[in-house]
Amino acid sequence: MSEMASQIAKAIFVGNIKGGVGKSTLTVYLTDYLRRRFKRRSVVLLDTDPQGTSFELMEPKSKNGDARFLPVGDRYDGVNMTTLDGVLRRLLAQNDGIAMVDTGAGKLGNFWQMAFLCNTLLVPTSMSWADLRPTIDFIKEIDERKADLRSVTPHVVVVPNRVSPQQRHFQQIVDALQEVNAILAPPISELSAARHSSPDFSGLEGVEGTRFCREIERLGEFIVEYVISGELDRIYDETAN
Ligand SMILES: Nc1ncnc2c1ncn2[C@@H]1O[C@H](COP(=O)(O)OP(=O)(O)O)[C@@H](O)[C@H]1O
Ligand SMILES: [Mg+2]
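These notes cover the structure that comes with them. (Residues numbered from 1 in each chain as written. Chains lettered and ligands numbered in written order. Predicted model: local features only at pLDDT ≥ 70, side-chain atom pairs only at ≥ 80, totals over all residues. Heavy atoms only, no water.)

Moving on, we get to helix α6 (residues 129-149). Here α6 is 21 residues long and its end C-alpha atoms lie 30 Å apart, about the 30 Å a rise of 1.5 Å per residue gives. Along α6, the residues that are buried comprise D131, L132, T135, I136, F138, I139, I142, D143 and K146. In a view along the axis of α6, the buried residues occupy a sector of 165 degrees, so they form one face of it. Opposite its buried face, α6 presents the exposed residues A130, R133, E144, A147 and D148, each directed more than 90 degrees away. Elements in contact with the buried residues of α6: α5 (111-115), β5 (120-125), β6 (155-160) and α7 (171-176). (Helix = DSSP H or I, 4+ residues; strand = E, 2+ residues; numbered from the N terminus. Expected span 1.5 Å × (residues − 1). Buried < 20%, exposed > 50% of the residue type's maximum accessible area, 1.4 Å probe, protein only. Arc of directions from axis to C-beta. Contact = heavy atoms within 4.5 Å.)

The following block contains the structure:
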């Protein structure tokens, strides 16, 4: 990996048609992980979910402007979409910025416009078919839009979340993903340490030494290796040419 490639700005969109799959949880812990990992790069959290879960958790832990609440989905979404668009474009022009974009359930407002501004779409899902089926349909829709736009981005990375801590086999999800263009990230288990509460939330520091912390670090390293380093861009660039 060249130094140049590792310094290219990246926006990571965390989304799924399903709610309650861990979008906000993964967003806050991965933001914290990337801030630790890249002390000199700015890692911005943009919360577009009107519920504001991840903003509320990370705002007290963030420097000025590094956590922003830009709810998209109701009557205000025009204004915030324009702001979000501007924030992302400025960040991506900066060269070494990283943005984590949390979203609400569904495809509210200008969901696709937001997603297609980003390099990678991180899709958390449980291993249950009630979540997996709509997740696969959701990724199929992304694939169709990418084909229409002749775009190789956003790259889709599926993160199994709330997986039974005893789970050893992941063939079911590997098979399901055969139908779509996505890569599978290391899983995050269903663990009590993952449950966070707002007033005393302290990110990775608060879960130090737990299995959850180690799994987040493993997922974070995977994101660094494939997304932040530009490896997925190189792989898909080659297949496109
Ligand atoms: N790996 C996990 N283990 C245990 N609980 C989890 C895990 N991931 C998420 N949760 C819990 O599940 C609920 C939904 O998670 P959340 O991140 O808010 O999902 P979303 O943002 O997709 O709606 C929250 O109560 C959260 O604490
Ligand atoms: Mg959420």
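We are not done yet, so read on.
Looking along the chain, the bond that leaves T153 and enters P154 is cis, with omega of 0 degrees. Here P154 shows up in the loop between α6 and β6. We note that R162 has phi near 60 degrees; this positive angle belongs to a residue other than glycine. Structurally, R162 can be placed in the loop between β6 and α7. With relative accessibility at 43%, the residue R162 sits in the partly exposed group.

Take the site of ligand 1 next. Residues in contact with ligand 1 amount to 16 residues; listed here are only the nearest, G20, K23, T25, R162 and S189. Note that a nitrogen atom of ligand 1 is positioned 3.1 Å from one of the backbone N or O atoms of L191. By residue class, the composition of the shell around ligand 1 is 4 nonpolar, 8 polar and 4 charged. (Near = heavy atom within 4 Å. Polar contact = N/O pair within 3.5 Å; in protein donor to acceptor, adjacent residues only side chain to side chain. Nonpolar A, V, L, I, M, F, W, Y, C, P; charged D, E, K, R; others polar.)

As a further point, take the pattern of salt bridges. Under the criterion given, the structure shown has 12 salt bridges. In this structure, R162 and E190 form a salt bridge, with 2.8 Å as the shortest nitrogen-oxygen distance. Placement of R162 in the loop between β6 and α7 and of E190 in the loop between β7 (183-184) and α8 (211-228) is noted, with a sequence separation of 28 residues between them. A residue is classified by how much of its surface remains accessible, and E190, at 26% relative accessible area, is partly exposed. Residue R195 pairs with E190 through a salt bridge whose shortest N-O separation is 2.6 Å. Here the salt bridges do not stand alone but share partners, grouping R162, E190 and R195 into one network. (Salt bridge = Lys/Arg side-chain N within 4 Å of Asp/Glu carboxyl O.)

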